[in-house]
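Notes for the structure review
Each chain, letter by letter, is given below.
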Amino acid sequence: MKRAEQISMEDCCKDGQKRASDNEDCASIPLISASTTCMIVQEQCCVKVLEDNMCAVGINVAKDQGACDSLLTSTCETKTTKFCCNCCLLGKEAQANGLPCDHDLSVGSQCSKVSRVCCMEGHANKGTNRQRVCFSFVGKCAHSCVGNDTCACFKGYKLKPDGSSCEDINECLLGAANCRGGERCINTEGSFRCQREVSCGTGYELTDSNNCKDIDECETGIHNCGPEFRCQNTQGSFRCLPKVKCGPGFIQDALGNCIDINECVSQTEPCHRGQVCINTVGSYICQRNSVNCGRGYHLNDDGTRCVDIDECKGAEKVCEGHGCINLLGSYRCECEPGYIFNSISRVCEDVNECRHYPGRLCAHKCENTLGSYKCSCTTGFKIAGDGRNCDDLNECESNPCSQECANVYGSYQCYCRRGYQLSDIDGMTCEDIDECALPTGGHICSYRCHNTPGSFHCSCPINGYTLAPNGRSCQDIDECVTGTHTCTENQSCFNIQGGFRCLSFDCPNNYRRVGETVARLQRSDTVRCIKTCQPKDVACVLDPMLSVSHTFISLPTFREFTRPEEIVFLRTTVPAYGSYHLGSYDVKFDILDGNVENAFDIMKRVENGMYVGVVRQVKPLIGPLTTVLRLSMRNLTSQGDSGQNIINVHVFVSEFWF
């Protein structure tokens, strides 16, 4: 905001007119000066332009419509519009009736001017003496009207060639400013202002008249005096004076506190000769000088001179526990070993040998005592006979370990026997190792693992197995060899894993068995029946089946089945590399029956130039399980099938995996 002295009334009026042109509220327009007069001029000039605009609207309605009934009077603005409309109708009526435009009706000056303008414009439109009418209500002149056809500008402006607009006069450029030395002229709209070129400095402020004025910090409250001080203004600054005045014998410090003056020091010879000065609070006193003995002396009985005090014989026990030697004005203590005399406190003080001779008195730890010191050892050692060195302590003599103990230098180590491990909690107790619970426990024993203190043992199923010499694996008991089976004379004993089977086979009609029944069958044994037809038995001759064989195999339950297992090999005498036109053979192998869960397949391959049928287990089977794989082996020639052989593979799957 500009200062009041730098803004003219024309500036204030022009700002108000501009606010009205922008349709702002005249009652709440921003102030451009702290001057009350400028504020009034702003508001009135603003209201004047608004009234002129409203009046112009009313005049136009009267001219265009010839009536004012359409106008409302609900607000002050609409009342002005209708007022000017009615007054314009009076002028138009006077012009229409040939009456003079300057009538003497008592309708007020504003209404008379509006009536006269409308009356005269009517004459001009009829071609009579045309003149330019200057009327401030309708805003024909930018600033003000001074006659019937003349516009004028406010101070600080000049009229433009169009006769109605105004432009600013640059007083600084024309040299019309009255700035003083050290001030610079700055042009403003409709005026100018003088600005000081050098600032006033700390403690001063620039006034509206461009002068430097002292800032009264005490009055404005910008001082920093405490509650116990009073602010006193000075030119360009201020002072803080204490509210409380100190009395005689005191001086006031910067915080306002009253400090006693030591007159005995601050004054030169405050007392007469032969007197001594004694300071008191707020004053001092003079006393007659007397004999004053120093430390270690006292007055003799006559009170005339000072004599030595024998402190060693006094009531106060000095050098207690030590020897005492009297000196003139003092004494000295003959300290015992381990103590040293302090000349300031005059007592025998203990010597901290551990601090004075670090690392030279004790091998491990040094502990100071009154007049001496004591050595000690760290854990795992004991003090030696010389009281300074440390010997290793054999902790194993006190049996700290639950099993085995090994002494080491400065400590000991506990060990455990096989099958035990050292406790993680105390490092001394041996705990049993549960070998069966270890991550490899499932592979320690073939079947069952039983933990025992410090060890373990394995066991096998109750029937059909015995523990191997290694104490971990389970061996199958061959009941057919040991004679513990229950097979009859007409049956053959076949050992399976974990048991045995009593087997007997009868050949079908027209077939005879090759060989006799044996008491014990082995895996490589085969019971074979070949066809033997009766004379003239055509059906028997035409039957393609040539033989029926039985073979046997015992399998475990595979716990980890990763790839097919080859279990039976059907070897033939058919060469693999013959040709049909030479009458050579081929062989076809099939599984006819008994393939439980499709766990088996059969494939053909060549070994040593001959065809071999290989039966494979391709899926795991969970025992106990028994099945008979009925296999077909057909011989093929260039003329077709030359015969079929049936092989029955008796498969016994144990419930165990060993």
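No experiment lies behind these values; they were computed from the predicted model shown. Each chain has its residues counted from 1, following the order in which its sequence is written. In view of the model being predicted, local features appear only for residues whose pLDDT reaches at least 70, and side-chain atom pairs are presented and counted only at 80 or more, with totals across whole chains, interfaces and linings using the full set of residues. Side-chain figures throughout are based on the complete set of non-hydrogen atoms in the structure, without hydrogens or water.

The subject of this paragraph is the domain arrangement of the protein chain. Each domain span listed reflects an automatic or database assignment of domains. One can read the domain layout of the protein chain as domain 1 (9-118), domain 2 (144-196), domain 3 (394-432), domain 4 (441-474) and domain 5 (483-515 + 523-653). The centre of domain 2, based on its C-alpha atoms, is set 134 Å off from the matching centre of domain 5.

On to the environment of K92, then. Checked against the element boundaries, K92 lands in helix 3 (residues 76-96). Taking C-alpha positions, K92 is 108 Å from T280, a pair spaced 188 residues apart along the chain. Each residue touching K92, except ones within four places of it in the same chain, is listed here: A62, K63 and C118. The secondary structure listing takes helices from DSSP runs of H or I that are at least 4 residues long and strands from runs of E that are at least 2 residues long, numbered from the N terminus. Working rule for contacts: check all heavy atoms of both residues, and any pair within 4.5 Å makes them a contact.

The next subject is the sheet that holds strand 42 (residues 610-617). The antiparallel open sheet is built from three strands, whose spatial order is 39-42-41. Of all the strands in the sheet, just strand 39 (565-575) and strand 41 (600-607) have a single pairing partner and so form its edges. On average, each strand axis in the sheet is tilted by 20 degrees relative to the strand beside it, whichever way the strands run. Strands are treated as partners if at least two bridges between them are detected by DSSP. Judged from the eight bridges that link them, strand 41 and strand 42 form a sheet pairing that is antiparallel. From the neighbouring strand, V606 faces strand 42, where its bridge partner is Y611. Lines are fitted to the C-alpha atoms to define the axes, a helix being fitted only along its stretch in contact, and any angle between axes, read from their N-to-C directions, falls within 0 to 180 degrees.

An α-helical turn contains 3.6 residues, so any two residues separated by three or four positions project in the same direction. For a helix, the expected span equals 1.5 Å multiplied by the number of residues minus one. Relative to the 18 Å expected for 13 residues at 1.5 Å per residue, helix 1 (residues 9-21) spans 18 Å between its end C-alpha atoms, a close match to the ideal helical length. Exposure is judged per residue with a 1.4 Å probe applied to protein chains only, and the accessible area is read against the type maximum: over 50% gives exposed, under 20% gives buried, and values in between give partly exposed. Those residues of helix 1 that sit buried are E10, D11, C12, C13, D15, G16, Q17, R19 and A20. Close packing links the buried residues of helix 1 with helix 2 (36-65), strand 3 (157-159) and strand 6 (191-196). Directly after helix 1, the chain includes N23, whose backbone phi takes a positive value near 60 degrees.

On to unusual backbone geometry, then. With omega at 0 degrees, the peptide bond leading from G623 into P624 counts as cis. Its place among the elements puts P624 in the loop between strand 42 and strand 43 (625-637). In the Ramachandran plot, E269 falls in the positive-phi region, its phi being about 50 degrees despite a non-glycine side chain. Within the secondary structure, E269 is located in the loop between helix 7 (263-266) and strand 13 (275-280). Among the residues examined, E269 registers a relative accessible area of 69% and is labelled exposed. Despite not being glycine, N608 has its phi angle at roughly 55 degrees, a positive value. With relative accessibility at 82%, the residue N608 sits in the exposed group.

What follows is about the sheet that holds strand 33 (residues 492-496). Spatial strand order, 34-33-36: three strands in an open sheet with mixed pairing. Each of the sheet's edge strands pairs with one partner strand only, and the pair in question is strand 34 (499-503) and strand 36 (520-521). Taken together, the five bridges between strand 33 and strand 34 define a ladder with antiparallel strand orientation. Each residue of the ladder has a partner; that of C493, found in strand 34, is C502.

A few words now on the nonpolar core. Side-chain atoms within 4.5 Å are what join buried Ala, Val, Leu, Ile, Met, Phe, Trp, Tyr and Cys residues into a set we call a nonpolar core. Counting 23 residues, the largest nonpolar core has F600, L631, V649 and V651 as its most contacted members. Residue assignment for this core shows that the elements contributing at least two residues are strand 38 (545-555), strand 39, strand 40 (586-593), strand 41, strand 42, strand 43 and strand 44 (640-653). Excluding residues that lie within four positions of it along the chain, V651 makes contacts with I553, L555, F600, L625, T626, T627 and L629. Core analysis: the next-biggest nonpolar cluster, separate from the first, contains 13 residues, I59, L71, C111 and C118 among them.

We now examine the state of the cysteines. The term disulfide is used for any two cysteine sulfur atoms that are within 2.5 Å. Tallying each qualifying case throughout the model produces 31 disulfides. Paired through a disulfide, C68 and C85 show a sulfur-sulfur distance of 1.9 Å. Because the sign of the S-S torsion sets the handedness, a value of about -95 degrees for the bond joining C68 and C85 places this disulfide among the left-handed ones. Note that C68 is positioned in the loop between helix 2 and helix 3 and C85 in helix 3, a separation of 17 residues in sequence. In terms of burial, C68 and C85 fall into one category: buried. For C335, the disulfide goes to C348, at an S-S distance of 2.1 Å. Judged by the torsion about the S-S bond (-85 degrees), the C335/C348 disulfide is left-handed. Residue C335 is found in the loop between strand 18 (330-334) and strand 19 (339-342), and its partner C348 is found in strand 20 (residues 347-350); the two are separated by 13 residues along the sequence.

Pairing of aromatic rings covers Phe, Tyr and Trp, the last through its six-membered ring, and needs centres within 6.5 Å; plane angles under 30 degrees mean stacked, over 60 mean edge-to-face, and all others mean tilted. Under the counting rule described, the total for this entry stands at 13 aromatic pairs. Their ring planes at 75 degrees and their centres at 4.9 Å tell us that Y465 and F658 sit as a pair that is edge-to-face. Of this pair, Y465 sits in strand 31 (residues 465-467) while F658 sits in the segment after strand 44, placing them 193 residues apart in sequence. We classify Y465 as buried; its relative accessible area is 5%. Only Lys NZ and Arg CZ are tested; either one counts as a charge over a ring when it is within 6 Å of the ring centre and within 35 degrees of the ring normal. Seen from the ring of Y331, R346 lies directly overhead, with NZ or CZ sitting 4.3 Å from the centre. Directly above the aromatic system of Y611 lies the positively charged group of K604, at a separation of 4.8 Å from the ring centroid.

A word on a nonpolar patch on the surface. On the surface, L31, M39 and I40 cluster together into a nonpolar patch covering about 250 Å² of accessible area. Residue class for I40 comes out partly exposed when judged on its relative accessible area of 47%. Exposure above 30% relative accessible area and the absence of a salt bridge qualify a residue for a patch, where like charges join within 9 Å and nonpolar side chains (Val, Leu, Ile, Met, Phe, Trp, Tyr) within 5 Å. For the accessible areas, the method is Shrake-Rupley and the probe is 1.4 Å, while residue cover comes only from the protein chains on display. Basic side-chain nitrogens of Lys or Arg form a salt bridge, by our definition, when they fall within 4 Å of a carboxyl oxygen of Asp or Glu.

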